[in-house]
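Examination of the molecular architecture
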Number of protein chains: 2
Amino acid sequence: MTEPETAPRRAAPSTLREVGLRAGVSAMTVSRALKDDPRVAPETKQRVREAAAELGYRRNEMARSLRMGRTSGMVGLVVTNLANPFYSQMALGAEEVVAERGMKVVLSNTDDDEAREREVVDDLAARRVDGMIVVPAGREQAHLGPGPLSGLPVVLAARPPSGVVADCAVLDDVGGTREAIARLVADGHRRIGFLGPSATWTSDERLRGYRSVLGEAGIAVDARLERCSQRDVPSAERAAAELLDLPDPPTAIFGANSRNTIGAYRAIRRAGRTGVALSGFDDFDLADMLEVPLTVVAYDPGDMGRAAARLLLDRIDERPGADSSEPRRVVVPTRIVSYPGGAFG
Amino acid sequence: MTEPETAPRRAAPSTLREVGLRAGVSAMTVSRALKDDPRVAPETKQRVREAAAELGYRRNEMARSLRMGRTSGMVGLVVTNLANPFYSQMALGAEEVVAERGMKVVLSNTDDDEAREREVVDDLAARRVDGMIVVPAGREQAHLGPGPLSGLPVVLAARPPSGVVADCAVLDDVGGTREAIARLVADGHRRIGFLGPSATWTSDERLRGYRSVLGEAGIAVDARLERCSQRDVPSAERAAAELLDLPDPPTAIFGANSRNTIGAYRAIRRAGRTGVALSGFDDFDLADMLEVPLTVVAYDPGDMGRAAARLLLDRIDERPGADSSEPRRVVVPTRIVSYPGGAFG
DNA sequence: TTGTACGCGTTATCAT
DNA sequence: ATGATAACGCGTACAA
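Remember, it's a predicted structure, so these values are computed and weren't measured experimentally.

What follows covers the protein's contact with DNA strand D. The full set close to DNA strand D counts 24 residues, and Thr29(A), Arg32(A), Thr44(A), Leu16(B) and Tyr57(B) are the nearest of them. In DNA strand D, atoms within 4 Å of the protein come 58% from sugar and phosphate. Between DNA strand D and Tyr57(B) there is a distance of 2.5 Å, counted from a phosphate oxygen to a side-chain nitrogen or oxygen. If you list the elements that add at least two residues to the surface near DNA strand D, you get α2 (27-34) and α4 (61-68) of chain A together with α2 (27-34) and α4 (61-68) of chain B. Here the surface near DNA strand D gets 4 residues from one element, more than from any other, and that element is α4(B). Looking at side-chain class alone, the surface near DNA strand D contains 10 nonpolar, 6 polar and 8 charged residues.

Moving on, we get to the side chain of Asp167(B). All names here are of chain B. Positionally, Asp-167 belongs in strand β5 (residues 167-171). Judged by relative accessible area, Asp-167 falls into the buried class, the value being 2%. For Asp-167, the side chain forms a polar contact with the main-chain nitrogen of Arg-328, separated by 2.7 Å. Non-local contacts of Asp-167, meaning those with residues more than four positions away in its chain, are made with Val-154, Val-155, Leu-156, Leu-311, Arg-315, Glu-326, Pro-327 and Arg-328.

For the rest of this paragraph, the subject is the relation of the copies chain A and chain B. You can overlay chain A on chain B at an RMSD of 0.1 Å; the transform is a turn of 180° with a shift of 0.1 Å along its axis. Here the symmetry operator amounts to a two-fold rotation axis. No C-alpha of chain A approaches the rotation axis more nearly than that of Val106(A), which lies at 2.2 Å. A shared binding surface is used by both copies, with 97% of the interface residues of chain A retained as interface residues in chain B.

This part takes up the interface of chain A and chain B. If you look at the interface, chain A gives 74 residues, while chain B gives 72 residues. Carbon and sulfur atoms supply 57% of the area that chain A and chain B bury against each other, a total of about 6900 Å² over both sides. Broken down residue by residue, the surface that chain A buries against chain B is led by Arg10(A), Arg58(A) and Met62(A), which jointly contribute 13%. Where chain A touches chain B, the interface holds 8 salt bridges. Notably, a salt bridge pairs Asp123(B) with Lys104(A), separated by 3.4 Å at the nearest N-O pair. Summed over the shared surface of chain A and chain B, the number is 26 residue pairs in polar contact (both at pLDDT 80 or more). Grouping the amino acids of the side of chain A that touches chain B by side-chain chemistry returns 36 nonpolar, 16 polar and 22 charged. Where strand β2 (residues 104-109) of chain A lies against strand β2 (residues 104-109) of chain B, 3 bridges are found, and the strand directions are antiparallel. Its bridge partner lying in β2(B), Leu107(A) is registered against Val105(B).

With 150 residues, the main nonpolar core has Met90(A), Ile133(A), Ile253(A), Met90(B), Ile133(B) and Ile253(B) as its most contacted residues. Ignoring anything within four residues of it in the chain, the contact list for Ile253(A) reads Gly193(A), Leu195(A), Ala240(A), Leu243(A), Leu244(A), Ala264(A), Val276(A), Ala277(A), Leu278(A) and Ser279(A). In terms of nonpolar packing, the next biggest core, distinct from the first, is built from 35 residues, Ala125(A), Val154(A), Leu156(A) and Leu124(B) among them.

On to the protein's contact with DNA strand C, then. Close to DNA strand C lie 25 residues, the nearest being Tyr57(A), Arg67(A), Thr29(B), Thr44(B) and Arg67(B). Here the atoms of DNA strand C within 4 Å of the protein split so that 61% fall in sugar or phosphate, with bases taking the remainder. Here a phosphate oxygen of DNA strand C sits 2.4 Å away from a polar atom, N or O, in the side chain of Tyr57(A). In this structure, a phosphate oxygen belonging to DNA strand C sits 3.0 Å away from a main-chain N or O atom of Asn60(A). Of all elements in the fold, only α1 (16-23), α2 and α4 of chain A together with α2 and α4 of chain B reach the threshold of two or more residues within the surface near DNA strand C. Counted by class, the surface near DNA strand C contains 10 nonpolar, 6 polar and 9 charged residues.

Our next topic: a negative patch on the surface. A grouping of Asp111(A), Asp112(A), Asp113(A), Glu114(A) and Glu140(A) is seen on the molecular surface, where their side chains present a negatively charged patch. Relative to the assigned elements, Glu114(A) resides in helix α6 (residues 114-126).

Moving on: α2(B). Every α-helix winds through 3.6 residues per turn, so residues three or four apart in the chain are directed the same way. Within α2(B), the full set of buried residues consists of Thr29(B), Val30(B), Ser31(B) and Ala33(B). Buried positions along α2(B) lie against α1 (16-23) and α3 (42-55) of chain B.

The next subject is the domain arrangement of chain A. How big an interface is tends to be stated in terms of accessible area lost as the parts join. Split into domains, chain A comes out as domain 1 (16-59), domain 2 (74-171 + 302-333) and domain 3 (173-298). The straight-line distance from the C-alpha centre of domain 1 of chain A to that of domain 2 of chain A is 39 Å.

This next bit is on the sheet that holds strand β7 (residues 226-227) of chain A. Residue and element names in this part refer to chain A. Taken in spatial order, the 6 strands line up as β7-β6-β8-β9-β10-β12 in an open sheet, and their pairing is mixed. Across the chains shown, the open sheet's two edge strands, defined by having one partner strand only, are β7 and β12 (335-339). Strand direction decides the pairing type here: strand β9 (residues 277-281) and strand β10 (residues 294-298), joined by 4 bridges, are parallel. By the bridge assignment, Gly-280 is partnered in β10 with Val-296. Lying on the sheet, helix α7 (residues 173-186) is in contact with β6 (192-195), β8 (252-255), β9, β10 and β12; it crosses β9 at an angle near 170°.

About the criteria used
- Residues numbered from 1 in each chain as written.
- Chains lettered and ligands numbered in written order.
- Predicted model: local features only at pLDDT ≥ 70, side-chain atom pairs only at ≥ 80, totals over all residues.
- Heavy atoms only, no water.
- Near = heavy atom within 4 Å.
- Polar contact = N/O pair within 3.5 Å; in protein donor to acceptor, adjacent residues only side chain to side chain.
- Helix = DSSP H or I, 4+ residues; strand = E, 2+ residues; numbered from the N terminus.
- Nonpolar A, V, L, I, M, F, W, Y, C, P; charged D, E, K, R; others polar.
- Buried < 20%, exposed > 50% of the residue type's maximum accessible area, 1.4 Å probe, protein only.
- Contact = heavy atoms within 4.5 Å.
- Least-squares fit on C-alpha atoms with pLDDT ≥ 70 in both.
- Buried area = accessible area lost by both parts, 1.4 Å probe.
- Salt bridge = Lys/Arg side-chain N within 4 Å of Asp/Glu carboxyl O.
- Pairing = 2+ DSSP bridges.
- Core = buried A, V, L, I, M, F, W, Y, C linked by side-chain atoms within 4.5 Å.
- Patch = residues over 30% accessible without salt bridge, like charges linked within 9 Å, V, L, I, M, F, W, Y side chains within 5 Å.
- Areas by Shrake-Rupley, 256 points an atom, 1.4 Å probe, with all protein chains shown as cover.
- Lys, Arg positive; Asp, Glu negative; His and termini not counted.
- Charge placed at Lys NZ, Arg CZ, Asp CG, Glu CD.
- Domains from an automatic or database assignment.
- Axes fitted to C-alpha atoms, helices over the stretch in contact; angles between N-to-C directions.

As structure tokens, then:
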């Protein structure tokens, strides 16, 4: 396997004209030949193909987009934290749908920083992406509106629009939580602790689902059982420990995300409590291998990415002139999964 | 917050000329004004800025790249499976370094399919990315060489080059494994099981590390203790169970990846064995909460993404004419982490 | 201080 | 069956 001399390292990409020069035809004929245009003589086509191959010619998609229209064949994907498996799986789902159309995903991570979000969104618009999927960092997204972005299609993911009209794909936070809490209530629990992260839309929704089920069951809300400021496992564990230390402790604990559920698990195990039911939003690896029974609200993050991508592609397909239809909202379903716990009994 | 009437949904992006028309100057003056060129009269600048704002003007980066040179400000990132936290964290690391330079990452997932890899690589080249980071799907990457890609800079990640000359960033598979196995040997273990996935470069390396330590310790390799075809937890659990059922079972088991380690854990627990040491490559969530002591080879996947991105940027910065230097290889370090197990004793 | 001409690589349109 | 021309949006070089 020796390097052919015709392909020096870092050659400037060759152009239609160069291929034409080599094949003894014009750039236009090359363009047509490579597109297999029937009007080009088969013999010419052959010559052109050979010349193109020898030169390692590859069509310049940027120049092509410029000439063809305003479509780059790229969609922007802006996420808050790609290291979070939720968002990376979502990204994969979106990429899957976008790739099916031969389009590409341009990725940006914002680290939940609104200023950074504005920058990357602007940059993506300047690169003329055909649309973007955004997991918004802030509570409000006026900067993503048709005004600021000249009508560039935007779909929100994971959080619904606020201060802007846009399609979105969100999880069934309320429904999923309601189902899990309803199970606890059906099992006879009346004192159910709720552990969640500090105010985020998603966590608020889950708290709302929790309260609504309690209300419907005629159970008074006890503020001491609601702890909503834990962002990591250690703080969640402390909060859970405090719940268990109450004079009238909960008989069940619900974690609004996996970190809170895991923290609760640690507290329960450490306190040596048995009979405290554990439940939570988010499935996680090894959830089936804990030493206590666990019921989780599970879902496929990829579904959200796919749904968001489909919403976006629909918008991109809309005739630019046409009056846009009402904003759409896709709610990604959740399902309840129960693990018996003590897997090896 | 009402929509300004000047920004209809899905307006065609405005151009320098349109802004100029509105401001009563030529396109050239607009270009200069927006770049804050000192030669433009402050008053003109002001008019231009207003006109640009009113029209929601945004520079067309694609047209700009076309005019300016052959650089798009984008790098391709081709991974086999973004749903795998390893690759998504790697992607985040790469994005971080690339974004620092004001460049963008174009993402593609190959699902470990070589044909798909060829397609996306070709597409990225056609989009004139400035370079690409590739986690190769196959054992051989001649199609990523300077010939096929006209010298477009390519950095391999996770696997070293084969059939091609290229920079790469890889994990210290051998070193990490050696360290873990050496600990087991130091603890007196002489029968150590090895569980790995079917032939992959990474797994072969880890097996090599395992064997080398045994050899140096004068321990004969026992083929029955090496099981290398488990790709998921259930099959790993079965393989581990078979090891434990041997007449002369291992006193320690090493998993070449987290799925194999978890499978081994399940088998150990299910068999009710105590005293079987567990170790493995890859850290994972809840590794600290298992019921047996566990020692893992840990590392930061983001390091690999960052290293690969830096290698790539260095290549991109090389003077295109300059003779390229020797290929570089960055080895991302690993570290040993021990969890006592039975966290709640 | 501002404008004109030209070209980046491609393709639609109109010749030949 | 093939070529010439123009234009996509921008920036360099030069002119005014």
